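Read off the chains here:
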Amino acid sequence: TMKSTRRGLCIEYTEQENSTTTIINVFKDETVSLNRIGPMRTHLVFNDGKAYDCVIGAGDKQFKLRVRTKNLENTLTMDGGRLFVDYSVEIVGSLAEKNKLTLAISPDVSIIKS
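> For this particular structure, what's the right way to read the pattern of salt bridges?
When their charged atoms lie close together, side chains carrying opposite charge are able to pair. Following the criterion strictly, the structure yields five salt bridges and no others. One salt bridge connects E15 with R36, and the closest N-O pair in it is separated by 2.8 Å. One end of the pair, E15, is in strand β2 (residues 8–15); the other, R36, is in strand β4 (residues 32–37), and 21 residues separate them in sequence. Residue E15 is classed as buried on the basis of its relative accessible area of 18%. Across the pair R66 and D53 runs a salt bridge whose closest N-O atoms are separated by 2.9 Å. One end of the pair, R66, is in strand β7 (residues 61–74); the other, D53, is in strand β6 (residues 51–58), with 13 residues separating them in the sequence. R66 sits in the partly exposed class, given a relative accessible area of 31%. For D53, a relative accessible area of 43% puts it in the partly exposed group.

> In this structure, what is going on with a nonpolar patch on the surface? I would like to understand it.
A cluster of nonpolar residues, F63, I91 and V92, forms a patch on the protein surface that exposes about 310 Å² of accessible area. Its location among the elements puts V92 in the loop between β8 (81–91) and β9 (94–105). Note on V92: relative accessible area 82%, which makes it exposed.

> Looking at this model, I keep getting lost on the state of the cysteines. Mind explaining?
Such a bond, covalent and formed between the sulfur atoms of two cysteines, is termed a disulfide. Scanning all chains against the criterion turns up zero disulfides. C10 takes part in no disulfide bond, and the closest cysteine sulfur to it belongs to C54, at a distance of 17 Å. Exposure remark for C10: the relative accessible area of 10% places this residue in the buried category.

Calculation criteria
- Residues numbered from 1 in each chain as written.
- Predicted model: local features only at pLDDT ≥ 70, side-chain atom pairs only at ≥ 80, totals over all residues.
- Heavy atoms only, no water.
- Salt bridge = Lys/Arg side-chain N within 4 Å of Asp/Glu carboxyl O.
- Helix = DSSP H or I, 4+ residues; strand = E, 2+ residues; numbered from the N terminus.
- Buried < 20%, exposed > 50% of the residue type's maximum accessible area, 1.4 Å probe, protein only.
- Patch = residues over 30% accessible without salt bridge, like charges linked within 9 Å, V, L, I, M, F, W, Y side chains within 5 Å.
- Areas by Shrake-Rupley, 256 points an atom, 1.4 Å probe, with all protein chains shown as cover.
- Disulfide = S-S within 2.5 Å.

And the structure:
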């Protein structure tokens, strides 16, 4: 689902294979937060050219990592659009991995009522 909030847009979906719920908030200042709730919990924050300390973990075992956003492009509106994030993950100051996230959204015309 996607809904408009006073602070921006909120996108939520659940993956059937592992019952993980993902909540993505796209704020008006172009900050994006991604929360995954399931066997592994993740909270990541993205903003073009910035780095944030974030948390990942399972149960009572959590650790902090730094997420550095290289590029963030957002064209999402309630009519659909695309969110692209190119980011790296650092652990204790060392590069652990590089990732790209692309989310494309389009309206489901079968549920639109006039």
